[in-house]
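# Summary of structural features
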Amino acid sequence: MQGLMTVFRKELADHFTSWRFIILFAIVFAVGVVAIYVDAQYIRQEVMDTRFVFLQLYTTSGQALPLFILFIVFFVPIVGVILGFDAINSERISGTLSRLLSQPIYRDAVINGKFLAGVVTIAVMMMSLILLVSGMGLRMIGVPPSSEEALRLMAFLITTVIYGAFWLGLGILFSIFFHRVATSALASIALWMFFGFIGFMSIFPSFVQLGQVGLKIVQVSPVALFWQVTMLILVPTARSLGGGLLITPSALPLGQSLLGVWPHLVSLIVLTVVCFAISYIKFMREEIRST
Amino acid sequence: MSELSTQLVVETVDLTKTYDGNKVVDGLNLRVEEGDVFGFLGPNGAGKTTTILMLLGLTEPASGAAYICGYNSTREPLKVKRISGYVPERIGFYEDLTASYNLAYTARLNGLSEELVRRRVGESLDIVGLSEVADQRVETFSRGMKQRLAIADLLIKTPRVAFLDEPTSGIDPEGVNQMLDLIAGIAREQRMTVILSSHQLNHVQRICNRVGILVKGRMVVEGLLDQLGREALGGSQFSIEVQLSEITSGIIERINQVEGVVGVERSGDLLVINCVEDLRPQIARAVVDSGGSLVEMKVQSYALEDIYMRYFKEG
């Protein structure tokens, strides 16, 4: 436990002081703010449902899809992957891994500590982004969020962190399997593009003719899963229908929305856990070899 | 007395490791007693590092067992890691962090209290002479400095036994001597058992009291350093070349009578005398006593190098 906390604290400090984090943070903030600003331009003309004005800040963008959510869907993976792709192999290359593992700590403390530090970093990043954007929204539209809206935003934040954790786990997985940092980075990016592409097909099903089977396959993509979850949480009038989203005139209570989200959310959590479990087993069985 | 008070710090029992069907370490039985500075010699790829990794519980043996102070390295790795320090051959530090932060991390991983962390970091850096660069990033360090930092990293956890894997590789000759003296000093002052692996015999010879030579995963010879020398050369360690103006059998006979002379050989106008110690004064007197006239006398101490090379060829 003490080993885990030590690794966790060091990794967290590393993340927050690294250039890669500062750059990521700057990009996320800049794009997030721009996206929400663009979205907010439409909110005055487009408020369809006066019950959830504040949430529409995130989900409305005229006739187009909400820019802010799209940005989160496509950008959080990059954040996760960038925080994780060199977690283990860079330590192996620099020779710190054998020194680290010769200390009296359980081996899983290393991987758990790194994973946890990454998750906390993503959580901090996303929370500050959402809070910042909410603050801007308050100023722009002058309507405070209701308690239900606040809860929905909280649920959205938690889902975002789980989504980020999946990509972080994927990055760490590649960092264990590939001994070169460049390989693991490219593999992570390739997978992100692949899932992103599939997710794109599921977000815009009318652009491509998938058929029922195709749509089902496409929806296992974490990108598509997250998109569904986000929309169901942030758009109270949306409900899940045969893999697609249906906007109904009446809003669902929060509990019902969460119930609709549940299968997608569980799939997302399962993907994350599987990803982390594979890295965990691989790392625990890995031998330290003389080179 | 010494028999009773010594304890085995490192012990391996038929330790074997196979990589892809090749026996890298083959039935190794190694015993290192408390307070020893053990030189683990062998050519590259002899299995030295693999043995150390197995002793530390970082790699599992194919068969056999390794013990550190009685703890089984495979089954109780945490206990083993608590009392043993390791300096890998490829020393790695977090380059973008300061020297003291790197050491503090090790200290915290060993569960030291924050107060103790600060104190040990200061002390260790002091011992290796890096106090002045404590707050510099490791990336600015030279290789020699990193090597010394690795020694400081070892001292942080005050281990009972230290494994140093090729601690002298890649530094200049002067640095090598400084490093070796540092290690020897620490071993003496902290009463630490040291296992030092190297393929350079003269490095090992400088500070080790016992050596083992590992070739292709097997220990070909092991023992006290001075004992080994005697055995390998048939009891003699010194060879003295004497050039005389004239060689007579009387002179040879007279030299043979000098105490400590093992054998006298004649080669051309030279006499080669093998003896257990430097007997030049006695031999000179013997020559003069028996009426010979001395032209030149050269002593050659057999460095273990010759023995080492011999084992290399055998292996």
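Position numbers for residues count from 1 along each chain, tracking the sequence in the order it is written. Here every chain gets a letter starting at A, and every ligand a number starting at 1, in the order they are written. It should be noted that, the model being predicted, local features are given only for residues of pLDDT at least 70 and side-chain atom pairs only at 80 or more, the latter also being counted only at that level, while totals for whole chains, interfaces and linings use all residues.

## A few points about the overall build of chain B
Helices and strands together make up the secondary structure of chain B, namely twelve helices and 15 strands. Its C-alpha atoms give chain B principal-axis dimensions of roughly 75 × 45 × 40 Å. Burial status across chain B gives 42% buried among its 315 residues. We call two residues in contact whenever the C-beta atoms placed from their backbones are within 7 Å. Relative to all contacts within chain B whose residues are 6 or more apart in sequence, the contacts with residues 24 or more apart total 69%. Counting from the N terminus, the helices are DSSP H or I runs at least four residues long and the strands are E runs at least two residues long. Residue burial is a threshold on neighbouring C-beta atoms within 10 Å of the residue's own C-beta, all placed from the backbone, with 20 or more meaning buried, 12 or fewer meaning exposed, and counts in between meaning partly exposed.

## So, the overall build of chain A
Assigned secondary structure in chain A consists of twelve helices and two strands. Each helix and strand of chain A, ordered N terminal to C terminal, gives the series α-α-α-α-α-α-α-α-α-α-α-β-β-α. Against the globule reference of 19 Å for 291 residues, chain A gives a C-alpha radius of gyration of 20 Å, in line with a compact fold. By principal-axis analysis of the C-alpha atoms, chain A measures approximately 65 × 45 × 30 Å. Within these notes, the globule rule equals 2.2 Å times the number of residues to the 0.38 power, and the radius of gyration is based on C-alpha atoms.

## What about the sheet that holds strand E11 (residues 218–224) of chain B?
Residues and elements named next belong to chain B. Any two strands are treated as partners once DSSP identifies two or more bridges connecting them. Taken in spatial order, the six strands line up as E7-E8-E9-E4-E10-E11 in an open sheet, and their pairing is mixed. Each end of this open sheet is capped by a strand with a single partner; those strands are strand E7 (84–87) and E11. In this sheet, adjacent strand axes meet at a mean angle of 15 degrees when their direction is disregarded. Both strand E10 (residues 210–215) and E11 contribute to a ladder of six bridges, which runs antiparallel. From the neighbouring strand, Val215 faces E11, where its bridge partner is Arg218. The convention used is that axes are lines fitted to C-alpha atoms, helices contributing only their stretch in contact, and that angles between N-to-C directions extend from 0 to 180 degrees. Helix H7 (residues 173–189) rests against strand E4 (37–41), strand E8 (161–165) and strand E9 (193–198) of the sheet, and its axis sits at about 160 degrees to E9.

## Observations regarding the pairing of E4(B)
Residues and elements named next belong to chain B. With respect to burial, E4 is a largely interior element, five of its five residues being buried. Of the two faces of E4, both are covered, the one formed by Val37, Gly39 and Leu41 as well as the one formed by Phe38 and Phe40. Bridging between E4 and E9 involves five bridges; their strand directions are parallel. Bridge assignment links Val37 to a residue of E9, and that residue is Val194.

## Some points on unusual backbone geometry
Here the phi dihedral of B:Thr158 falls at roughly 40 degrees; this positive angle occurs in a residue that is not glycine. Along the chain, the position of B:Thr158 falls in the loop between helix H6 (143–156) and E8.

## Details of the interface of chain A and chain B
In this assembly, 18 residues from chain A lie in contact with 23 residues from chain B. Within the residue set of the side of chain A that touches chain B, elements represented by two or more residues are helix H1 (2–17) and helix H6 (96–101) of chain A.

## Digging into the domain arrangement of chain B
Interfaces are frequently sized by the accessible area removed from exposure as the parts join. Segmentation into domains, and thus their bounds, comes from an automatic or database assignment. The assigned domain composition of chain B is domain 1 (2–230) and domain 2 (234–302). A C-alpha centroid distance of 44 Å is found between domain 1 of chain B and domain 2 of chain B.

## Description of the confidence of the model for chain B
Atomic detail in the predicted coordinates should be set aside for any region of low pLDDT. All names here are of chain B. Scored from 0 to 100, pLDDT reflects the predictor's confidence in each residue. Across chain B, the average pLDDT comes to 86, with 91% of residues at or above 70. Per-residue pLDDT stays below 50 along residues 1–5; that stretch engages in zero contacts with residues further than four places along the chain or on separate chains. Our summary of model confidence lists the complex with pTM equal to 0.84 and ipTM equal to 0.85.

## Focus: the environment of A:Ser94
Residue placement: A:Ser94 occurs in helix H5 (residues 89–94). Assessed through the 15 C-beta atoms surrounding it within 10 Å, A:Ser94 is described here as partly exposed. A:Ser94 sits 59 residues away from A:Ala35 along the chain, and the two C-alpha atoms are 40 Å apart. Beyond its immediate chain neighbours, meaning those up to four positions away, A:Ser94 contacts B:Gly92 and B:Glu95.

## Points about the nonpolar core
The nonpolar core criterion groups buried Ala, Val, Leu, Ile, Met, Phe, Trp, Tyr and Cys residues into a set whenever they are joined through C-beta atoms within 7 Å. Counting 149 residues, the largest nonpolar core has A:Phe166, A:Leu268, B:Ala152, B:Ile183, B:Val194, B:Ile195 and B:Leu196 as its most contacted members. Top contributing element to this core by residue count: helix H8 (residues 147–177) of chain A, with 15 residues. Not counting residues within four places of it along the chain, the set of residues in contact with B:Ile183 comprises B:Ile151, B:Leu164, B:Pro167, B:Val194, B:Leu196 and B:Ile207.

## A closer look at the packing of helix H4 (residues 67–84) of chain A against helix H7 (residues 107–141) of chain A
Residues and elements named next belong to chain A. At a minimum axis distance of 10 Å, the contact between H4 and H7 shows a crossing angle of 145 degrees. For the pair H4 and H7, the crossing hand works out as right-handed. Along its contact with H4, which presents Val79, Gly80, Leu83 and Gly84, the element H7 presents Gly118, Thr121, Ile122 and Met125. Looking at the contact of H4 with H7 residue by residue, the classes come out as four nonpolar, four polar and no charged. Helix crossings fall into two classes, left-handed where the near helix is turned counterclockwise from the far one by less than a right angle and right-handed where it is turned clockwise. We call Asp, Glu, Lys and Arg charged. Ala, Val, Leu, Ile, Met, Phe, Trp, Tyr, Cys and Pro are nonpolar, and the rest, Gly among them, are polar.

## Quick notes on the pairing of strand E1 (residues 8–19) of chain B
Residues and elements named next belong to chain B. Of the pairings in the sheet, the one linking E1 to strand E3 (residues 31–33) comprises three bridges and is antiparallel in character. What sits directly across from Leu8, in E3, is Glu33. Sheet analysis places E1 next to strand E5 (residues 63–68), joined by five bridges and oriented antiparallel. Paired with Val10 across the bridge in E5 is Ile68. As judged from the four bridges shared by E1 and strand E2 (residues 22–28), these two strands associate in the antiparallel manner. Bridge assignment links Thr18 to a residue of E2, and that residue is Lys23. Once E1 ends, the chain turns through two residues before running back antiparallel as E2, passing Asp20 with a positive phi of about 50 degrees.

## Here we look at the environment of B:Asp14
Residue and element names in this part refer to chain B. Mapped onto the secondary structure, Asp14 falls in strand E1. Separated by 52 residues in sequence, Asp14 and Ala66 place their C-alpha atoms 8.7 Å apart. Those residues in contact with Asp14, other than ones at most four positions away along the chain, are Gly27, Asn29, Ser63 and Gly64.

## Observations regarding helix H10 (residues 249–256) of chain B
Residues and elements named next belong to chain B. Buried within H10 we find Ile251, Arg254 and Ile255. The arc that holds every buried residue of H10, seen down its axis, measures 100 degrees, which confines them to one face. Exposed residues lying more than 90 degrees from the buried face of H10 are Ser249 and Glu253. At its buried positions, H10 is contacted by strand E12 (238–244), strand E13 (261–267), strand E14 (270–275) and helix H11 (280–289). Summarising the geometry, the arc corresponds to the directions from the helix axis toward the C-beta atoms.

## Thoughts on the environment of B:Leu279
In this structure, B:Leu279 sits in the loop between E14 and H11. When sequence neighbours within four positions are dropped, the list of residues in contact with B:Leu279 reads B:Ile240, B:Val258, B:Gly260 and B:Val261.

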